[in-house]
Amino acid sequence: MDFSSPSNSTFFNEFSSVHNETPKKIPTISYLEHNEEYLTKFINWNDYEQLVFVENLLKNMQSHQHGQVNAFLLPLLQRDFIGRLSSCGLEHLAEKILGYLDDQSLKSTELVCREWYHVISQGMLWKKLIERKVLSDILWRGLSERRGWSKYLFRQILIKKDEQKRDEFYRYLYPRILRDIDQLESNWRTGNFQLEKIPCRSQNSKGVYCLQYDDEKIISGLRDNTIKIWDRKNLECVKVLTGHNGSVLCLQYDDRVIITGSSDSTIRVWNVKTGELLNTLLHHCEAVLHLRFVDGTMVTCSKDRSIAVWQMNSPTDITIRRVLVGHRAAVNVVDFDDKYIVSASGDRTIKVWNTTTCEFVRTLLGHKRGIACLQYRDKIVVSGSSDNTIRVWDIECGACLRVLEGHDELVRCIRFDSKRIVSGAYDGKIKIWDLQAALDPRSQPSSLCMKTLTEHTGRVFRLQFDEFQIVSSSHDDTILCFNFLQPKCKKSKHVAKSTSANTSPILGVAQTQITSFDSVDSPQNELQNVLQTQASAISMASSSGSGS
C-alpha cells in the first residue's frame, strides 16, 4: 500500500490535526463544574467498581487517546526500587537484594542504569558472589588457595605492597575463574597433566600398598613393613615409621593420628605429628586388609573373613564394639557412613550392614569373581573385581546400575566423586570414567571411559584423587602425582612458558597481571557505551515523534 497516495492524504491530515490540537483544547464549562463531583464519586467506589468503570471508559475512547493513556501509565507502573532504596540511604538493602543474583543476572543488572551499577560496585557484589562460591563449592575453594586469590576474599589481610582491591578486580576475576574451571575439566578429559614421581627406594620387598595425602604431605604404607611420610613441596621423605612385622596394607590419618593395618594381623595407632607409636590393637588372626574410621567409630576387615567395629574414645582407648561375620572368604575392603557399613569379599559378594545396630541388611550380587575394592557415598556403591569389571550399585535397592568394562586385569583400587570414577588395576592402568554418564542408562558404553593413564610400570595398588590431581601407588615402588591444574605447557601464544609460583599456565597470564585491566573493556566504559546507546535511541525516538 502506498501511504503517500492522495487517497491517504486525508487520513494523515486528520491524524496530524488531532495530534496537534489535543494539547490546545480548553476544558468546557460542564467539565469544570462536574469534574470534582465525578472524581469524588469514583473515589468512593470499591476497587472492583472502579475497574469496571475504567474498563467501560476505555472502551468509549478513541485510539489516539489510548496511546496517551498508555504513555501516562508507563511511568506509574515502573518502580526503580533499587534507585529509591539507594537515594533513601538504604544502600545495604539494595545490595542485599541484588546479592541474590547469579553471575549472568548481575552482569545484566550492571547495565540497567548508573544507580544500579553504583550499588553493585560500592557493595562489592562480584566479590561477594565469588565468596559464596568459595564457601559452597570445594572446587572454587581449592582454586582460590592454589591460584592465590583467596587472600583477596573475605576480610583481607594486606601484606606489604598489596592494595585494597576494587570491584573491577573481582568483576574481571570471575570470568577468569570460569575459564580456569573449563580448562581444568578439559585437562581431565584429554589427559593433560603434569607428572611428579616419588621413587620410594624400598630396602627389601618393593611396592607401595596404600597412601593418603593432603596439601602438605603424603603418607604411604609399604611392602617393606614401613610407613613413609613425604613432603608435598619437595617430594622428600621426611619421616619413616617402623614397628610392623609385615607389609603395611592399609592406613588412614586425621589431624591427630595415623592408623595402620598390616599383614602381621595388628592395627597400630601413631601420633601424626611426632610419629610416636601410641597403641597396638590385637584382634584379627590374619592380615588386616582394610580399615576406615570417622567420628569415633572404626571398622576393620581381615583375611580371617571377619569385620570388626571399634569404639574410639581416644588414641589409647579403642575397644571392640561388634564383630560382623557372614562372608565366606577374605574381606578385602570396608566403607561406612552413619547409616550403612559396606563390605566386599573374595566370595564375590558385597554385604550391607546397619551401622547403628550392626545387623545384616542385604547382599549385592553380580560380580563373577572376588571383589578387591569399593567405595560407598551418597547411596552409591562402586566396586572393582578380579573379573576385570567395575560395577555401580544403588545401595538402597541393591540394583546394579552399570557395568564398566575396560581393564585387562584385576581392578585393585577405585575412588569416585560427584563427577568421575577413577580406577587402578593390575594391568598398570589408571582409568578415568564419567560417573554422570554411567548413571544415565541412555549412555553408550564406549563413551564412559574418558581417559586411560599408563604411566605406572607395575600393578596399581592404591589411588586417591580430588578436583585437581590423582595420587597413586604401585608395585613398581613409586608414587605418582598427576596434576591436572598445572599441566604440561604447550607451545602457544596464549599459554605462559613459565610455571613459576607467580604464573598461571591455564589462565595464560602472570598472577600479578590480573590486577591490570584493559581500559577498553572496563565495566565503566561498558556502562558508558550502553548508556550512550540508550540515549541515542531515546533521542531518535523523540525526533521522530516531533516530526510526525
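Whatever comes next refers back to the structure up there.
In this report, the structure presented in the accompanying data block is examined. (Residues numbered from 1 in each chain as written. Predicted model: local features only at pLDDT ≥ 70, side-chain atom pairs only at ≥ 80, totals over all residues. Heavy atoms only, no water.)

As a further point, take the packing of helix α9 (residues 125–136) against helix α11 (residues 167–190). It is at 7 Å that the axes of α9 and α11 come closest, and there the two elements cross at 40°. Overall, the two elements α9 and α11 adopt an arrangement that is oblique. Across the interface between the two elements, L125, W126, K127, L129, I130 and K133 of α9 pack against D167, Y170, R171, L173, Y174 and I177 of α11. Of the residues contributing to the contact of α9 with α11, the split by class is eight nonpolar, no polar and four charged. (Axes fitted to C-alpha atoms, helices over the stretch in contact; angles between N-to-C directions. Helix = DSSP H or I, 4+ residues; strand = E, 2+ residues; numbered from the N terminus. Parallel < 35°, antiparallel > 145°, perpendicular 65-115°, else oblique. Contact = heavy atoms within 4.5 Å. Nonpolar A, V, L, I, M, F, W, Y, C, P; charged D, E, K, R; others polar.)

Working definition: the strands of a sheet are paired by backbone hydrogen bonds and lie parallel or antiparallel to each other. Judged by pairing direction, the sheet is antiparallel, and its four strands sit side by side in the order β2-β3-β4-β5 without closing on themselves. The sheet terminates laterally at β2 (208–213) and β5 (237–241), the two strands that pair on one side only. For this sheet, the mean inter-axis angle between neighbouring strands, taken without regard to orientation, is 20°. Sheet topology note: the strand β4 (residues 227–231)/β5 ladder contains four bridges and is antiparallel. When the bridges of β5 are listed, I229 appears paired with K239. (Pairing = 2+ DSSP bridges.)

Before going further, it helps to examine the environment of Y209. By secondary structure assignment, the location of Y209 is in strand β2. Sequence separation between Y209 and H475 is 266 residues; the distance between their C-alpha atoms is 7.6 Å.

Before going further, it helps to examine the sheet that holds strand β18 (residues 371–377). Ordered by their spatial adjacency, four strands build an open sheet running β18-β19-β20-β21, and the pairing between neighbours is antiparallel. With partners counted over all chains shown, the strands left at the sheet margins are β18 and β21 (400–405), one partner each. Strand-to-strand twist in this sheet, taken as the mean axis angle between neighbours without regard to direction, amounts to 15°.

A word on α11. With 24 residues, α11 should reach 34 Å at 1.5 Å per residue; the first-to-last C-alpha distance of 35 Å fits that figure. Residue G191 follows α11 closely and has a positive phi angle near 75°. (Expected span 1.5 Å × (residues − 1).)

Moving on, we come to the packing of aromatic side chains. Enumeration over the complete set of coordinates arrives at 15 aromatic pairs. Between W126 and Y174, the ring centres sit 5.5 Å apart and the planes meet at 55°, which makes this aromatic pair tilted. A residue pair is termed long-range when its members are at least 10 positions apart, and W126 in helix α9 and Y174 in helix α11 qualify at 48 residues. Assigned by exposure class, W126 and Y174 land together as buried. One aromatic cluster in this structure is built from W188, F193, F465, F482 and F484. Positioned over the ring face of F169 is K165, at 5.1 Å from the centre of the ring. The aromatic ring of F336 is capped on one face by R292, whose charged end is 5.6 Å from the ring centroid. (Phe/Tyr/Trp six-rings, centres within 6.5 Å; stacked < 30°, edge-to-face > 60°. Buried < 20%, exposed > 50% of the residue type's maximum accessible area, 1.4 Å probe, protein only. Lys NZ or Arg CZ within 6 Å of the ring centre and 35° of its normal.)

Geometry only, nothing functional implied.
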